[in-house]
Amino acid sequence: MTSIDLNADLGEGFGRWQLTDDERLLSVVTSANVACGFHAGDAATMRRVCEQAAERGVRIGAQVSYRDLAGFGRRAMDVPPAELAAEVAYQIGALEVFARAAGTRVSYVKPHGALYNRVVHDEEQAGAVVDGVLLADAALPVLGLPGSRLLELAAKAGLPAVQEAFADRAYTDQGTLVPRGQDGAVVTDPEAVVKRSVGLARSGVVASHSGARVEVRARSLCLHGDTPGAVELARRVRARLEESGIRVEAFA
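What counts and how
Residues numbered from 1 in each chain as written. Predicted model: local features only at pLDDT ≥ 70, side-chain atom pairs only at ≥ 80, totals over all residues. Heavy atoms only, no water. Core = buried A, V, L, I, M, F, W, Y, C linked by side-chain atoms within 4.5 Å. Buried < 20%, exposed > 50% of the residue type's maximum accessible area, 1.4 Å probe, protein only. Helix = DSSP H or I, 4+ residues; strand = E, 2+ residues; numbered from the N terminus. Contact = heavy atoms within 4.5 Å. 1 Å grid on protein atoms, 1.4 Å probe; cavity = no way out; pocket = protein on both sides within 12 Å on 5 of 7 lines; lining within 4 Å. Points joined across faces, edges and corners; volume = space filled by probe spheres on them. Nonpolar A, V, L, I, M, F, W, Y, C, P; charged D, E, K, R; others polar.

**Q** So what's going on with the nonpolar core? Which residues, and what values?
**A** Core analysis: the largest hydrophobic core is formed by 71 residues, its most contacted members being Leu95, Val133, Val237 and Leu241. It is helix H3 (residues 81-101) that provides the largest number of residues to this core, a total of six residues. The residues contacting Leu95, other than those within four sequence positions of it, are Val34, Cys36, Met46, Cys50, Ile60, Gly61, Ala62 and Val106.

Dropping the structure here:
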């Protein structure tokens, strides 16, 4: 039977500001990419999400990013490799404290926002992320875009490299994500997202922004938690996947 992991970005609040409906999304997804305080999240939020994830058997992933709270980690930044590696390890370590306190562990690492897109092509920044993961835990899987420099370098370093796809983001003809500043970068039609999810899980193929056929074979499918109606959409996606005979289970 075909299987797929469902992951979502969670814990993306700060202080009194709450962005994602963490508790309800954790009843749907199998992996939670938890903000580690650099683009969103704080100590109390990280602890709460880890506890809720552990209660539901959802795997916890460290969603590491550039240090950019004001820009939600979506602004391009130039960080020296040694500094970036240390900051990646720092974020993983912070989340690991709360995961262990909840009776579980950090199960994987996924970059966020501008860092995620940067390490698709930038070997130096991708290498720094890999170095940071190795510093924190030399056995942690790394979640990223198929064909990215990040996954290539992670595999070379002996880290499990896990490919992911996006049901609610538009793709270029080259298999990369359409930048958020461009029209149509986010797929907003719920039925389109549901159909894309099944297609990606079953055949590993999606239509690009221009309509071209793009191969995106992935073990995990990302649904963004900060989009309007995210919980209901996630439920529809999971239900349709299971109705289609696709098993929904964590990759880690």
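**Q** Tell me about empty space enclosed by the protein, and name the residues and values.
**A** Enumeration according to the criterion identifies one cavity of 30 Å³ or more in this entry. In terms of lining residues, the largest cavity is bounded by Asp168, Leu223, His224, Thr227, Ala230, Leu233 and Ala234. Looking at the lining of the largest cavity, the element that brings in the most residues is helix H8 (residues 230-243), giving three residues. Looking at the lining of the largest cavity, its residues break down into four nonpolar, two polar and one charged.

**Q** Lay out the layout of surface pockets with the relevant residues and their values.
**A** By volume, the largest pocket is sized at about 370 Å³. Residue lining of the largest pocket: 22 residues in total, with Gly113, Ala114, Asn117, Arg169 and Leu177 positioned closest to the centre. A per-element tally of the lining of the largest pocket places helix H4 (residues 113-121) first, with six residues. Taken together, the residues of the lining of the largest pocket sort by class into ten nonpolar, seven polar and five charged. If you add up the space inside the second largest pocket, you get close to 160 Å³. If you go around the second largest pocket, the residues you meet are Asp168, Val186, Val187, Thr188, Pro190, Val193, Thr227, Pro228, Gly229 and Leu233. Across the lining of the second largest pocket, the residue classes tally to six nonpolar, three polar and one charged.

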